[in-house]
Amino acid sequence: MKVLTKVHRFFIINKKMSFFNSKVASVCFILFQLFAFPTASEAMAGEFEFLSGPNLQLVSRQSVHVTWAVNGSATSWVEYGPDRDHNQIARRSEHGLFDANRPVQKAVIDGLKPGTDYFYRTVSVEIKEYGPYQIEYGDTLYSDTYRFSTAPEETEPFSFLAFNDVHNRPEFIGDVFAREENVDFAAYLGDIMGHIDGRQDIIDYILEPSSRHFAAEVPFFYVRGNHEARGAGARKLIDYIATPDGSFYYTFEYGSVFFIVLDTGEDKPDTNQYYFGLADFDAYRAKQGEWLQKVVESEAFQQAGFRVVLSHWPILLRDVVARDDIHRHGRENTQQHFARPLHDNGVDLQLAGHTHRHEVIVPEEGVSRIYTVVGGGHTGQPGSTYTRVNYREGSLHVLLKSTDGELIEEILIH
Ligand SMILES: [Fe+2]
């Protein structure tokens, strides 16, 4: 069971260091830190802090991404290993430079074994001053030690939870994780935030609550919703979300299931007055549709045991939700570009949200060939739901539940 019940504790330590067996440059840096800068007792406590605990994302059989935030300029890494000694390090470097001075702290742990448990903690070193020939380091922060598992080999059973339309009310997720056992990962299906003013929103509504409720030990995958394309900080979101190539549409495999994550974009036409000439979603969805066609032709998709689509709103052959013309545009446009690749190629299950009304759509001629579960509610409001999916060899058991844990509807797909 991977439920997190403990409260995060963070430390400021400068004296105690682990022994690393890789990344010589980082070891030199740490030794330099030990002798050059004041100890915790000498430093002013409380100045440099974690703004979130670690968030595991985009786990695979060999790797996992770790993302967290601090309240100042820093350089960071992850210490990990098969036991609590976590004597290896993962540190992100780009163009010959280790990460520093970035708004988000990240590391990718790779070279791991499938279906295996590992321990890790995050480390951030404050940069008090960054000059061209002089850098002054400050305190060093260590997170608690946490445990995670890599994605299993094919045929191994697993379970995941999907959350939609959280709209800045993430607190219920802690209750869900306290109740649901043996959850291997989570999927956020979009509109987790109502809009994004900037970095602080992403920390307050994704990184901090996710880490506190589950994501320090249970990884998540992120699907963007239409509300997350809104606000001056919308363009920053991708810096905090781990995807294979920095795009909001991507694929991943977990056990013998092949997942497609789609970005359905904004709901209204690009010319809508509220986008003020800054929306370009029709072209984006057309390009994504071409990518999707290649995905469904791929061997990995065709050989998979099951194929599951995660998207903010459902992609149907005929859209049965009747709203005004303005709100229908995005759904009709995704239907135009995404529906045939998905419905003609054996997708087994689709999980979505957006409508704030829960709904289970079973295959019906002309409407859908895919079992589709739409999560309901605007979290915290009546009708709010989450979905649990259990993969066991040969079947997907899908349970749509109220946020209180009451079973609303279930389907079993063989
Ligand atoms: Fe939405």
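Everything here concerns the structure above.
Heads up: these notes are all about the structure in this document. Every chain begins its residue count from 1, and numbering advances along the sequence as written. Per-residue local features are limited, in this predicted model, to residues with pLDDT of at least 70; the limit for side-chain atom pairs, both in listing and counting, is 80 or more; totals at the level of whole chains, interfaces and linings are taken over all residues. Water and hydrogen atoms play no part in the side-chain values, which are based on all heavy atoms of the structure.

**With respect to the environment of Tyr120**
A run of H or I in DSSP becomes a helix once it reaches four residues, and a run of E becomes a strand once it reaches two; helices and strands are each numbered from the N terminus. Within the secondary structure, Tyr120 is located in strand 9 (residues 117-130). Linking Tyr120 and His86, residues 34 residues apart in sequence, is a C-alpha distance of 5.9 Å. At 2.6 Å, the side chain of Tyr120 forms a polar contact with the backbone oxygen of Ala216. Pairs of N or O atoms within 3.5 Å make up the polar contacts considered here, provided that, within protein, one atom can donate a hydrogen while the other can accept it, and that residues adjacent in sequence are counted only when both atoms are side-chain atoms.

**Comments concerning the coordination of the iron ion**
Those protein atoms acting as donors to the iron ion are Asp191 (OD), Asn226 (OD1), His312 (NE2) and His354 (ND1), and they sit at 2.1 to 2.2 Å. A donor here means any N, O or S atom no more than 2.8 Å from the metal (3.2 Å for Na, K and Ca); water is not included, so a site may seem to lack partners. Sequence spacing among the residues donating to the iron ion works out to D-x34-N-x85-H-x41-H. Of this pair, His312 sits in the loop between strand 17 (306-310) and helix 6 (325-343) while His354 sits in the loop between strand 18 (349-352) and strand 19 (359-361), and the two are 42 residues apart along the sequence.

**A word on the pattern of salt bridges**
Here a salt bridge means any side-chain nitrogen of Lys or Arg lying within 4 Å of a carboxyl oxygen belonging to Asp or Glu. Throughout the structure, instances matching the rule amount to 18 salt bridges. Salt-bridge contacts for Glu180 lead to Arg388; the nearest nitrogen and oxygen are separated by 2.8 Å. Of this pair, Glu180 sits in the loop between helix 2 (172-179) and strand 13 (185-188) while Arg388 sits in strand 21 (residues 385-392); the two residues are 208 residues apart in sequence, bridging distant segments of the chain. Each member of the pair, Glu180 as well as Arg388, is classed as buried. Here Glu266 and Arg230 are joined by a salt bridge, their closest N and O atoms 2.7 Å apart. Placement of the pair is Glu266 in the loop between strand 16 (257-261) and helix 4 (281-297) and Arg230 in the loop between strand 14 (220-222) and strand 15 (250-254), with a sequence separation of 36 residues. Bridged by salt links that share partners, the residues Arg92, Glu94, Asp99 and Arg102 form one connected network. Burial status follows relative accessibility: with a 1.4 Å probe on protein chains alone, a residue under 20% of its type maximum counts as buried, one over 50% as exposed, and anything between as partly exposed.

**Focus on helix 4**
The span expected for a helix works out to 1.5 Å for each residue beyond the first. Look at helix 4: 24 Å from first C-alpha to last across 17 residues, which is about the 24 Å you get at 1.5 Å a residue. Among all positions in helix 4, only Phe281, Arg285, Gln288, Gly289, Leu292, Val295 and Val296 are buried. Axial view of helix 4: buried residues confined to an arc of 120°, hence all on one face. Residues of helix 4 that are exposed and point over 90 degrees away from its buried face: Lys287, Glu290, Lys294 and Glu297. Directions from the helix axis toward the C-beta atoms define the arc.

**So, the pairing of strand 16**
Counting buried residues along strand 16, five of its five residues qualify, which places the element largely inside the surrounding structure. With burial as the criterion, each face of strand 16 is covered, one bearing Val257, Phe259 and Val261 and the other bearing Phe258 and Ile260. Note that strand 15 and strand 16 share five bridges and pair antiparallel. Among the inter-strand pairings, Tyr250 is bridged to a residue of strand 16, identified as Val261. At least two DSSP bridges between two strands are required for those strands to pair.

**Notes on helix 2**
Buried within helix 2 we find Phe172, Ile173, Gly174, Val176 and Phe177. Contacts are assigned to residue pairs that have any heavy atoms within 4.5 Å of one another. Contact partners of the buried residues in helix 2: strand 12 (158-163), strand 13, helix 3 (199-215) and strand 21.

**Here we look at the environment of Ala74**
Relative to the helices and strands, Ala74 is located in strand 4 (residues 74-81). Apart from residues lying up to four places away in sequence, Ala74 is in contact with Phe48, Asp99, Ala100, Asn101, Gln105, Ser124, Val125, Glu126 and Ile127.

**A few points about unusual backbone geometry**
With a phi close to 50°, Phe276 is a non-glycine residue in the positive phi region. With respect to the helices and strands, Phe276 occurs in the loop between strand 16 and helix 4. By relative accessible area, which is 67% here, Phe276 ends up exposed. Positioned with a positive phi, His356 is a non-glycine residue whose angle comes to about 65°. The residue His356 is located in the loop between strand 18 and strand 19 in this model.

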